[in-house]
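Descriptive analysis of the structure
What follows is each chain in one-letter form.
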Amino acid sequence: MIMKNNKAFLYFVCCIASMGGLLFGYDWVVIGGAKPFYELFFGISDSPVLQGVAMSTALVGCLIGAMVAGAAADRFGRKLLLIVAAMLFTVSAIATGLFNDFTLFNIARFIGGVGIGVASALSPMYIAEVSPTAIRGRMVSLNQMTIVLGILSAQVVNMLLARDTSVAESQAWNLEWGWRWMFWAETVPAAIFLVMSFFIPESPVYLRMKNEDEEKAIEELIITEEDYIVSTPDDRFDMDYSRARVKQKLSMLITQSSFRKVLLLGLVIAVFQQWCGTNVIFNYAQEIFVGAGFDVDSMFINIVITGIANVIFTIVALYTIERWGRRTLILLGAGGLGLIYLMLGTCYFFEVKGFAMVCLVVAAISTYAMTLGPVTWTLLAEIFPNRIRGIAMATCTFALWAGCCTLTFSFPSMNAALGSSGTFWIYSAICVCAFIFLWNRCPETKGKSLEELEQELTAEQPFLNDKL
């Protein structure tokens, strides 16, 4: 249980950690609004290859950040890595808007991408490790809440900074300064995150792994031993994080069947969150809404509408994730998106335009925000045993960003070859396949301590027996 006089401090700690999600959401989406303007500034509006490079450079950074986050967090601590992520966000926000050279612009985006990769792996893991069982799902969902707030913030900032494209003077502002301020606006929350990260405690799980005084951290967070992860003696291993140790942990993940089945589940959940297709709406909003009959100025308004829906239904998820459970929500997301994308593809096929298309896009965003968005990060933070959580979380986060990168690369080609209808029908089919897999493999983790989940999920028995 949490003592009432310190509950506020626990929320404070989790909110600071979840600011990594806020910056993750902002940095990831801001480029979509800046895209029409920086492409003209850099002279790449007629080069699909360079356009793809600009859109995906940060994603490559995400892969690198996610790849190193787990081992680095286990070696140096969760707190230090969150501080490093905040530094990367701050540097990237300033540099991206500062440079006039396309190569330097992409280097700055890459740095920000590394920050996204680190924060996306560390923030939910840290929150899960400091939160009591009874509210762990809700607390980890704070990370998703801040992600969608970051997304909405980027969408609103983009809309406010972008001036009327039909006026010559306004267009000149957009090309010279508008897109720069879209990136610079991130500096404020990044600097706040950097400063406040020094005031949060280290994770009790990390201190226990280091054989240090985790009881001080537990006392500081006011988590009792009943709520806290009770480690087994085997978890208190020697913290020799040489390259051999990392390879040994990866080998454990792959070769031990009890870990391998959990890893497979984590990888499918992570990749599916991207390949369900919803995130192309944020990255390629211009193409999607223009294809639905809207001009560029109307596009910004519609994007903000989707962002508001994203926030509202993420708030709904904060209340349903502990009541309905993770399994129910992830199945609802897979099935619901499969149906919505089937309808969306059909509307594109019959060239339906206007309000009906906005409703379907909002329905897709809302379904994702209530289900796959928060549940993915909660499940990934819950299902792995203590001794491999860092490297397993990093592996799944790497897979998630690999899925995001391939999704971002493939959408323009798929859209050109198959049309919007065929593209969304493919996403619908992916959702159906994921629904079948998750129905048979995804367990319910609601109301169980991390120690109980470790015992259940690494037992030599089919997931089907654990799903209810």
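About the cut-offs
- Residues numbered from 1 in each chain as written.
- Predicted model: local features only at pLDDT ≥ 70, side-chain atom pairs only at ≥ 80, totals over all residues.
- Heavy atoms only, no water.
- Helix = DSSP H or I, 4+ residues; strand = E, 2+ residues; numbered from the N terminus.
- Buried < 20%, exposed > 50% of the residue type's maximum accessible area, 1.4 Å probe, protein only.
- Contact = heavy atoms within 4.5 Å.
- Areas by Shrake-Rupley, 256 points an atom, 1.4 Å probe, with all protein chains shown as cover.
- Core = buried A, V, L, I, M, F, W, Y, C linked by side-chain atoms within 4.5 Å.
- Phe/Tyr/Trp six-rings, centres within 6.5 Å; stacked < 30°, edge-to-face > 60°.
- Lys NZ or Arg CZ within 6 Å of the ring centre and 35° of its normal.
- pLDDT = per-residue confidence, 0-100.

1. Here's the deal with the overall build of the chain
Helices and strands together make up the secondary structure of the chain, namely 20 helices and zero strands. Considering the chain as a whole, with its 468 residues, one finds that 61% of them fall into the buried category. Within the chain, residue pairs in contact and separated by at least 24 positions form 82% of the contacts whose partners lie at least 6 positions apart. Only carbon and sulfur atoms are counted for the fraction: they give 68% of the accessible area of the chain, which is about 17,400 Å².

2. Description of the nonpolar core
Membership of the largest hydrophobic core comes to 122 residues, with the highest contact counts inside it found for Trp-28, Tyr-38, Leu-122, Ile-330, Trp-401 and Tyr-427. In terms of residues, this core owes the most to one element, helix α19 (residues 389-441), which gives 15 residues. If we ignore the near neighbours within four places in the chain, the residues touching Tyr-38 are Ile-31, Ile-44, Ala-54, Met-55, Phe-105 and Trp-179. With six residues, the next largest nonpolar core counts Met-145, Leu-152, Val-311 and Leu-318 among its residues.

3. Focus: the packing of aromatic side chains
Scanning the entire structure with this criterion turns up 23 aromatic pairs. An angle of 40° between the planes, with centres 5.5 Å apart, marks the rings of Tyr-341 and Phe-424 as tilted. With a gap of 83 residues between them, Tyr-341 in helix α16 (residues 326-349) and Phe-424 in helix α19 connect regions that are remote in the sequence. For the residue pair Tyr-341 and Phe-424, the accessibility class agrees, reading buried in each case. Here the aromatic cluster, defined as three or more aromatic residues joined through ring pairs, consists of Tyr-38, Phe-41, Phe-42, Phe-102, Phe-105, Trp-179 and Phe-183. Residue placement shows Arg-180 over the ring face of Trp-177; its charged tip is 5.8 Å from the ring centre. Over the face of the ring belonging to Trp-439 we find Arg-327, whose NZ or CZ atom lies 5.0 Å from the ring centre.

4. Focus on the confidence of the model for the chain
Per-residue confidence for the chain gives a mean pLDDT of 80, with 82% of residues at or over 70. Within the chain, no element has a lower average pLDDT than helix α10 (residues 214-221), which sits at 51, and none a higher one than α16, at 94. For residues 1-5, every residue scores under 50 in pLDDT, and the model assigns this stretch 11 contacts once sequence neighbours within four places are set aside.

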